[in-house]
Each structure stands twice: as C-alpha cells, then as structure tokens.
Amino acid sequence: MPERASRRRARGAAATLAAAALAGSAALTGCTSDGAPAPRSAAGTRSPSPSPTPAWDASPASVAAVGDSITRGFDACSVLADCSEVSWATGTDDGVRSLAVRLLGVSKAASHSWNHAVSGARMAQLPEQMALAAKDRPELVTVMIGANDACRDSVRLMTPVADFRTSFEASMRQLRAAAPKSQVYVSSVPDLKRLWSTGRENPLGKQIWKLGICRSMLADADDMGATAVARRDAVRERVVAYNEVLRDVCARDERCRYDGGAVFDYRFTGAQLSEWDWFHPGRNGQARLAEIAYRTVTAAGPPA
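So, how was this worked out
- Residues numbered from 1 in each chain as written.
- Predicted model: local features only at pLDDT ≥ 70, side-chain atom pairs only at ≥ 80, totals over all residues.
- Heavy atoms only, no water.
- Helix = DSSP H or I, 4+ residues; strand = E, 2+ residues; numbered from the N terminus.
- Buried < 20%, exposed > 50% of the residue type's maximum accessible area, 1.4 Å probe, protein only.
- Areas by Shrake-Rupley, 256 points an atom, 1.4 Å probe, with all protein chains shown as cover.
- Salt bridge = Lys/Arg side-chain N within 4 Å of Asp/Glu carboxyl O.
- Axes fitted to C-alpha atoms, helices over the stretch in contact; angles between N-to-C directions.
- Parallel < 35°, antiparallel > 145°, perpendicular 65-115°, else oblique.
- Left-handed = near helix turned anticlockwise from the far one by under 90°.
- Contact = heavy atoms within 4.5 Å.
- Nonpolar A, V, L, I, M, F, W, Y, C, P; charged D, E, K, R; others polar.
- Expected span 1.5 Å × (residues − 1).
- Core = buried A, V, L, I, M, F, W, Y, C linked by side-chain atoms within 4.5 Å.
- Pairing = 2+ DSSP bridges.

Trainee: Tell me about the overall build of the protein, and name the residues and values.
Mentor: The secondary structure content of the protein amounts to 12 helices and five strands. Each of the 304 residues in the protein was classed as buried or not, and the buried ones make up 46%. When the accessible area of the protein is evaluated, it comes to approximately 14900 Å², of which 54% is carbon and sulfur surface.

Trainee: Break down unusual backbone geometry for me, citing the residues and quoting the values.
Mentor: Phi at Arg137 takes a positive value of approximately 50°, unusual for a residue other than glycine. Within the secondary structure, Arg137 is located in the loop between α4 (126-135) and β3 (140-144). Judged by its relative accessible area of 53%, Arg137 falls in the exposed class. For Asp220, which is not glycine, the phi dihedral falls at a positive 50°. Along the chain, Asp220 falls in the loop between α9 (215-218) and α10 (226-251). You can call Asp220 exposed: its relative accessible area is 54%.

Trainee: Which residues make up the pattern of salt bridges, and what values do they have?
Mentor: Scanning all chains against the criterion turns up 13 salt bridges. Of the charged contacts, one joins Arg194 and Asp191 as a salt bridge, the two residues approaching to 3.9 Å between their closest N and O atoms. For the pair shown, Arg194 and Asp191 are each scored as buried.

Trainee: Can you explain the packing of helix α6 (residues 161-178) against α10? Please cite residues and give values.
Mentor: With their axes 10 Å apart at the nearest point, α6 and α10 run at an angle of 30° to one another. One finds that α6 runs roughly parallel with respect to α10. As α6 runs across α10, the sense of the crossing is right-handed. Mapping the contact onto sequence places Val161, Phe164, Arg165, Phe168, Glu169 and Met172 in α6 and Arg238, Ala241, Tyr242, Val245, Leu246, Asp248, Val249 and Cys250 in α10. Of the residues belonging to the contact of α6 with α10, the class tally is 10 nonpolar, no polar and four charged.

Trainee: Quick one: what's the story with helix α12 (residues 283-298), residue by residue and with numbers?
Mentor: With 16 residues, α12 ought to run about 22 Å at 1.5 Å a step, and its terminal C-alpha atoms sit 22 Å apart, in line with that. Considered for burial, the residues of α12 that qualify are Gly285, Gln286, Ala287, Arg288, Leu289, Ala290, Ile292, Ala293, Thr296 and Val297. In this fold, the buried residues of α12 make contact with α2 (99-104), β3, β4 (183-186), β5 (256-258) and α11 (262-265).

Trainee: Quick one: what's the story with the nonpolar core, residue by residue and with numbers?
Mentor: Among the nonpolar cores identified, the biggest contains 67 residues, and Trp88, Val143, Phe168, Val186, Leu192 and Phe279 are the most heavily contacted of them. The element that contributes the greatest number of residues to this core is α10, accounting for seven residues. Excluding anything up to four places from it in sequence, Val186 contacts Val143, Phe168, Leu246, Cys250, Cys256, Arg257, Tyr258 and Asp259.

Trainee: Residue-level account of the pairing of β3, with values.
Mentor: Most of β3 sits inside the fold, with five of its five residues counted as buried. In β3, alternate side chains face the same way, and those of Leu140, Thr142 and Met144 on one face and Val141 and Val143 on the other are all buried. In the sheet, strand β1 (residues 63-67) pairs with β3 via five bridges, with the strands oriented parallel. The partner of Val66 across the bridge, within β3, is Val143. Bridge analysis of β3 against β4 gives four bridges, and the strand direction is parallel. What sits directly across from Leu140, in β4, is Gln183.

Following this line, the structure appears as structure tokens:
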C-alpha cells in the first residue's frame, strides 16, 4: 500500500511538470490557448494597440504665422515697407481675405491670429519665430520661408541644403516642445526664376532690383549669356531642393501639411506682383496665396 501511494504521487508530479512545460512553451512561442499567435513586446507582454493618427481639423480656431517678407506683405502697399494688413496668412484687408479671415471670420481673426514673420528672415531664424508662435498656443501655424536662403548676393552664399534641413527640423522640435497639438501648414518656396521672368518685363521693377533685391536671381536681369543663365538655374535648383526638405520634414509630422508644391507651381502674373518691385506678391498675389492655403488646410486630405 505505501508503495502504490508513492507511485501515484510520482505520476501526479510528472503530470504537473508536463503541464507547466506546455504552458511555458506556449508563452515562449507567443501562442494563445487556441494556437493563434499573440502579439508580444520584447519584454514578453502584450504590445499596446497603435495610437490612431489624429484627425486633421479643417476648422482651426486660431492661427499664428511665421516666415519672411511675403508673410509680412512687404512692398504690397508701398515701396520697401511691410504691410501686414494684406498678409495672406493673418491680414485684415477685404480684398485679400487672408487665411485667418477665411477660417475665423473678420472679428475673430483680429483677436485670434498673430504674425511673427520677419522681412529678410532665413530658415536659420525660424526656430526663434516658432518659439514665439508656440506661446500663442495656436491651433494652426503657417510657415512660408526659404526665398531669402536662395536670394543672396551670390550663388555661393545660398544656404546649404543640409543646413536648411537642420534648421527646419529644429523649428518643428521647438514648436512641438511647447505646442504639441498645433497643426502646421507649410507653403512651398515660390519659383524665383519664374518671378524673374515675369518681373523683367517691367522697366520700373528692374530699377528697384538694382537696389540689391535677390541678386543671385535678379542681378543683370536682361543678361541672357551662359553664365547668367547658369546662375539663375542654380538658384532654381536650390529652391527645388529646399522644397523637397519642406515636404520630407513635414511628412514625418502627423499634424503637418505641405502644400504639395502649389505655391512653387503657381504662375504669378504681372497683375499679382508688387507694383513697386515686380517680385514680391502685391494684394492680388497675396489673395492667391490665401486661396492656396485655405484650399490645403480645409481639404479632406493632404495634397497627393
């Protein structure tokens, strides 16, 4: 009798060990009780479900703008001066109907939009502007910058593409540190060569260009020699590269929309350029920029 009891205890212990081994094997192979694989993290616990991509809000309730002279309305109202009331992003001019006015209405745009752009700014100055914009806690930040990085006294002085990328990435980090939920609309840099081609038809504009506006593109406006053509082509190629950076960096932020190159592709006419310098957008051109921005911000999805 004691011997039979001992054998029964041994058989019970063996069964228990076998069950434990099976359970351990299932855990190591990541299987559920029905044999289906179970999602596991590296630590052996179930992986959390991925967070859904936040939905784009096509009706943001506040707008902050950063950028350069275009967003300041430079030369749109008088020669060599800012005119922020006609800014495509935050202006109050009835003829322009800025993005802020289109989104918020006239009265709310006045109290819920801010323009931190600075004429002459290059991408290296954008992180500082982003820090100011983040303090406003805007639901949407507009970005239009890069023309001054290509508009230098010579092609040699244009901002290197790698530096342009580094500064834009730093700008986005600056915004996300203080305003993680703000949406961002990024405009492409305009086609400076096309602006030269249109503006050079105006004698007065070319006289203003001689004061030093965008010499890398506009110097010796009527020179069609090989050297001048190569210089203008180099500027255009750099703008194309800048736009690739804007597209790429924006695509890695789930709350950012790039315009798909819409501003670069837009064919400004003489009627849409400043009547003083025939290079910056005038009131009509600012209105076209507002239309492009509004179309991008309110679309069901980002541009293809």
